[in-house]
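Take a look at the letters that make up each chain.
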Amino acid sequence: MARLKVEHLTFSFGYKTILEDIGFELQEGEVLSVVGPSGGGKTTLLRLCAGLLDRQEGLIENSFETQSIAFQDPRLLPWKNVIDNIAFGLKALGVPKSEQLQRAREIALRFDLEEDDFDKFPKELSGGMSQRVSFARALVTKPDLLFLDEPFSALDIGLKRELQNHVIELIGKKEITIFFITHDIMEAIRLSDKILLLEPDPGRIVKTFTFDRPQSQRDDAYVYHETAKLLSDPYIIETFELELK
Ligand SMILES: Nc1ncnc2c1ncn2[C@@H]1O[C@H](COP(=O)(O)OP(=O)(O)OP(=O)(O)O)[C@@H](O)[C@H]1O
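Since we're looking at a predicted model, the values are computed, not measured.

Q: Can you walk me through the packing of aromatic side chains in this structure?
A: Two descriptors summarise a pair of aromatic rings, namely the distance from one centre to the other and the angle between the planes of the rings. Inspection of every chain in the model, using the stated rule, returns six aromatic pairs. Between F24 and F179, the ring centres sit 5.8 Å apart and the planes meet at 35°, which makes this aromatic pair tilted. Of this pair, F24 sits in strand β2 (residues 16-27) while F179 sits in strand β7 (residues 177-182), placing them 155 residues apart in sequence. Through pairs of rings, three or more aromatic residues link up here, namely F111, F135, F152 and F180. The residue whose ring lies beneath R75 is F71, and the NZ or CZ to ring-centre distance is 3.8 Å.

Here is the structure:
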């Protein structure tokens, strides 16, 4: 079974220690979230795990065969239209052109992009549309491991729920493993099997929360209840510097 295993990971930018002695395991089919305050090192951890930054101390073992990443900022190629942006990863995998276009169109429609939008270039798209294109591009290759760096944070509530539901569908089919970073505890509870709480300066994992109920059965009542529970947890209160009322 594939897994991402991290042990005693410590990382610095210059003289500043950003992450200290991080350890966790993400098993195939699981969703693991990292939550914590801004600047705590979440993106740095994701970039290390995805191989975008070189490891300094500690161990990272990633045995997933394929992976992709969706970032908060869509990072579309400005000279390619919607469909070619989505198909870009398939081209790199050597998928024939006609199949690239067919798969890109299918996923674009599933993400509620319209035929009229397919020929548009990134500068002609709204923020929400760009985000959907970016998300479609990450998923079109059917990666075994998906890294999500706050991909929903700039979206309106309707669109956020829609994309989250799409992720929940994939999770239900056990088709994907997800490493997810977010500021949003409610979002993390909706989607995750496990949440790691990252305390800043230097970034350390101070607590792990686990959720047994399948994501497809987490209704609003469950999510609100679990959120309220987490928001009264002393580690969450201290890490996010929440004031008790
Ligand atoms: N390339 C870099 N060079 C130097 N310092 C960096 C670099 N990238 C990030 N940092 C610093 O590392 C720390 C952690 O940043 P990181 O982006 O990982 O945090 P984060 O928890 O993802 O924050 P946010 O939630 O705001 O995105 C910050 O102090 C940031 O200024």
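Q: Looking at this structure, how should I read unusual backbone geometry?
A: Among all residues save glycine, negative phi is the norm, and among peptide bonds the norm is trans. In this chain, D201 is followed by P202 through a cis amide linkage whose omega measures -10°. Tracing the backbone through its elements, the reader meets P202 in the loop between β8 (194-199) and β9 (204-210). For E150, which is not a glycine, the phi torsion comes out positive at approximately 50°. Mapped onto the secondary structure, E150 falls in the loop between β6 (145-149) and α5 (157-172).

Q: Help me understand the side chain of S33 in this model?
A: Relative to the assigned elements, S33 resides in strand β3 (residues 31-35). Overall, the relative accessible area of 0% leaves S33 in the buried class. Reaching out from S33, the side chain makes a polar contact with the side chain of S192 at a distance of 2.4 Å.

Q: I would appreciate a short explanation of the site of the ligand in the present structure.
A: Surrounding the ligand, one finds 13 residues, the nearest of these being S38, G39, K42, T43 and T44. Within the contact set of the ligand, an oxygen atom lies 2.8 Å away from a backbone nitrogen or oxygen of G39. T43 places a polar main-chain atom, nitrogen or oxygen, 2.8 Å from an oxygen atom of the ligand. Contact with the protein chains covers 60% of the free accessible surface of the ligand, which is 630 Å². If you list the elements that add at least two residues to the shell around the ligand, you get β2 and α1 (42-49).

Q: Explanation requested: the domain arrangement of the protein in the structure shown.
A: Many analyses report the size of an interface as the accessible area lost when the parts associate. What the domain assignment lists for the protein is domain 1 (13-65 + 144-245) and domain 2 (76-142). Taken together, the 13 residues of domain 1 in the interface contact 10 residues of domain 2. Taken together, the two surfaces of domain 1 and domain 2 that pack against each other cover about 980 Å², and 74% of this comes from carbon and sulfur. Ranking the residues of domain 1 by area buried against domain 2 places L159, L163 and H166 at the top, with a combined share of 42%. Where domain 1 meets domain 2, there are zero salt bridges. Along the contact surface separating domain 1 from domain 2 lie two residue pairs in polar contact (both at pLDDT 80 or more). Mapped by element, the contributors of at least two residues to the side of domain 1 that touches domain 2 are β6 and α5. In terms of residue count, the dominant contributor to the side of domain 1 that touches domain 2 is α5 (six residues).

Conventions and cut-offs
- Residues numbered from 1 in each chain as written.
- Predicted model: local features only at pLDDT ≥ 70, side-chain atom pairs only at ≥ 80, totals over all residues.
- Heavy atoms only, no water.
- Phe/Tyr/Trp six-rings, centres within 6.5 Å; stacked < 30°, edge-to-face > 60°.
- Helix = DSSP H or I, 4+ residues; strand = E, 2+ residues; numbered from the N terminus.
- Lys NZ or Arg CZ within 6 Å of the ring centre and 35° of its normal.
- Buried < 20%, exposed > 50% of the residue type's maximum accessible area, 1.4 Å probe, protein only.
- Polar contact = N/O pair within 3.5 Å; in protein donor to acceptor, adjacent residues only side chain to side chain.
- Near = heavy atom within 4 Å.
- Areas by Shrake-Rupley, 256 points an atom, 1.4 Å probe, with all protein chains shown as cover.
- Domains from an automatic or database assignment.
- Contact = heavy atoms within 4.5 Å.
- Buried area = accessible area lost by both parts, 1.4 Å probe.
- Salt bridge = Lys/Arg side-chain N within 4 Å of Asp/Glu carboxyl O.

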